[in-house]
Amino acid sequence: MSTPAPNYPPYPHFLLTHPPSQPCILHVEINRPQKLNAFSPPMFSELQDIFERLRLDSGVRVAILSGAGERAFTAGLDLREGALGMSSSKEGEDSYRQARKVRETILQWQKAVNAVEGCGKPVIVILHGISYGLALDLASACDIRVCTRNTRFSLKEVDIGLAADLGTLTRLPKIVGSMSWVKEIAYTCREFDGEEALKMGFVSWCEDGEKEAWERALGMAGVVAGKSPVAVEGTKELIDWGVGRPVRDGLRYTQIWNAPAILAEDVKEAVTATIQKRKPKFSKL
């Protein structure tokens, strides 16, 4: 049975737990199933706080992000509480001041999604059911994506009169490598399922149901949590930093990053454990 995460405060719209006997893994569950886990404005602040705390939590090595309930990972932005609230303005306020407030809101929501990508720990996302709009923003910001066959993906923003603005249009082309497919789903807002997501390389695994997807994600998280946190942190940093940069720059940054990492006890422990044919034990970061 999962246990509450003691290093985190309670959140109105998220549940934070550790899987049984695995305190190095943090399960972050979007918990608004009655609204298909759609995001209201306060949820962005909660999301950002969770992943900024995770960055500083030396006891956690991997996170799993999922959505509560059987129907949805998230239906995206709560249009009643999100879009309407963002478009409200004071009477007599000019267009520049209105636009400035909207821009600031977009910036804050982008920071929340960026916090997922920038938490310094591998994040595995499990997608199921309705996964619209913001679902793709969040998933694109995660390191590893797992979904169920019945997942209903859709990049919905064009249908509500906007270009997607929380990261998908920037991250997704780099993930799947097909600009034609990205533009097709962005322009048309059509749904695509887990099998298509797997075929296009958006997800690593497409499982029959939520139970299988959870087992897949938890299994991967357990493997990663058993590795050197110094090595995993460095690997994530170097992969993310190198996207879109010349190979020479990436190699140079790797030299700088690995110089102190090689001096960490993790290298000695990993090599010794390999020679002694035992499981290595690594300290917290």
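Just so you know, these numbers come straight off a predicted model, no measurement behind them. (Residues numbered from 1 in each chain as written. Predicted model: local features only at pLDDT ≥ 70, side-chain atom pairs only at ≥ 80, totals over all residues. Heavy atoms only, no water.)

The method is simple in principle: a probe with the dimensions of a water molecule rolls over the atoms, and the space it marks as empty is what remains. Within this structure, the stated rule accounts for one cavity of 30 Å³ or more. Volume-wise, the largest cavity comes out at about 40 Å³. (1 Å grid on protein atoms, 1.4 Å probe; cavity = no way out; pocket = protein on both sides within 12 Å on 5 of 7 lines; lining within 4 Å. Points joined across faces, edges and corners; volume = space filled by probe spheres on them.)

So, about the layout of surface pockets. Considering only enclosed or pocket space, the largest pocket measures out at about 790 Å³ in volume. As for the largest pocket, its lining consists of 25 residues, of which E117, D143, K236, I239 and D240 are closest to the centre. Broken down by secondary-structure element, the contributors of at least two residues to the lining of the largest pocket are α4 (134-141), β8 (144-148), α5 (168-176) and α9 (229-242). Broken down by element, the lining of the largest pocket gets its largest block of residues, seven residues, from α9. Residue classes in the lining of the largest pocket are distributed as ten nonpolar, five polar and ten charged. What lines the second largest pocket is a set of 20 residues, among which G76, L77, L79, E157 and I160 lie closest to the centre. Mapped onto the lining of the second largest pocket, the elements with two or more residues apiece are α2 (83-87) and α4. Considered class by class, the residues forming the lining of the second largest pocket number 13 nonpolar, two polar and five charged. (Helix = DSSP H or I, 4+ residues; strand = E, 2+ residues; numbered from the N terminus. Nonpolar A, V, L, I, M, F, W, Y, C, P; charged D, E, K, R; others polar.)

Counting 51 residues, the largest nonpolar core has F14, L16, F39, F51, L138, F153 and F202 as its most contacted members. Apart from the residues within four sequence positions on either side, L138 is in contact with I30, F39, L47, F73, V113 and V116. With twelve residues, the next largest nonpolar core counts I25, I64, A217 and A225 among its residues. (Core = buried A, V, L, I, M, F, W, Y, C linked by side-chain atoms within 4.5 Å. Buried < 20%, exposed > 50% of the residue type's maximum accessible area, 1.4 Å probe, protein only. Contact = heavy atoms within 4.5 Å.)

This next bit is on the environment of W205. Looking at the secondary structure, you find W205 in strand β10 (residues 205-207). Distance in space between the C-alpha atoms of W205 and R145 is 7.1 Å, their sequence separation being 60 residues.

Within helix α6 (residues 179-188), burial applies to W181, V182, I185 and A186. For α6, the angular spread of the buried residues around the axis is 125°, confining them to a single face. In α6, the exposed residues that point more than 90 degrees away from the buried face are S180 and Y187. On its buried face, α6 is in contact with α5 and α7 (194-199). (Arc of directions from axis to C-beta.)

A few words on the packing of aromatic side chains. Applying the stated criterion to the full structure yields eight aromatic pairs. The interplanar angle of 15° and the centroid separation of 5.0 Å between the aromatic rings of F153 and F192 together place this pair among those described as stacked. With a gap of 39 residues between them, F153 in strand β9 (residues 152-154) and F192 in the loop between α6 and α7 connect regions that are remote in the sequence. Judged by relative accessible area, F153 falls into the buried class, the value being 0%. Note on F153 and F202: the rings are 5.8 Å apart at their centroids and 85° apart in plane angle, and the pair reads as edge-to-face. You can see F153 sitting in strand β9 and its partner F202 sitting in the loop between α7 and β10, a full 49 residues away along the chain. Note on accessibility: F153 and F202 belong to one class, buried. Here the aromatic cluster, defined as three or more aromatic residues joined through ring pairs, consists of F14, F39, F44 and W109. Looking at R216, its charged tip hangs above the ring of W205, at a distance of 3.6 Å from the centre. (Phe/Tyr/Trp six-rings, centres within 6.5 Å; stacked < 30°, edge-to-face > 60°. Lys NZ or Arg CZ within 6 Å of the ring centre and 35° of its normal.)

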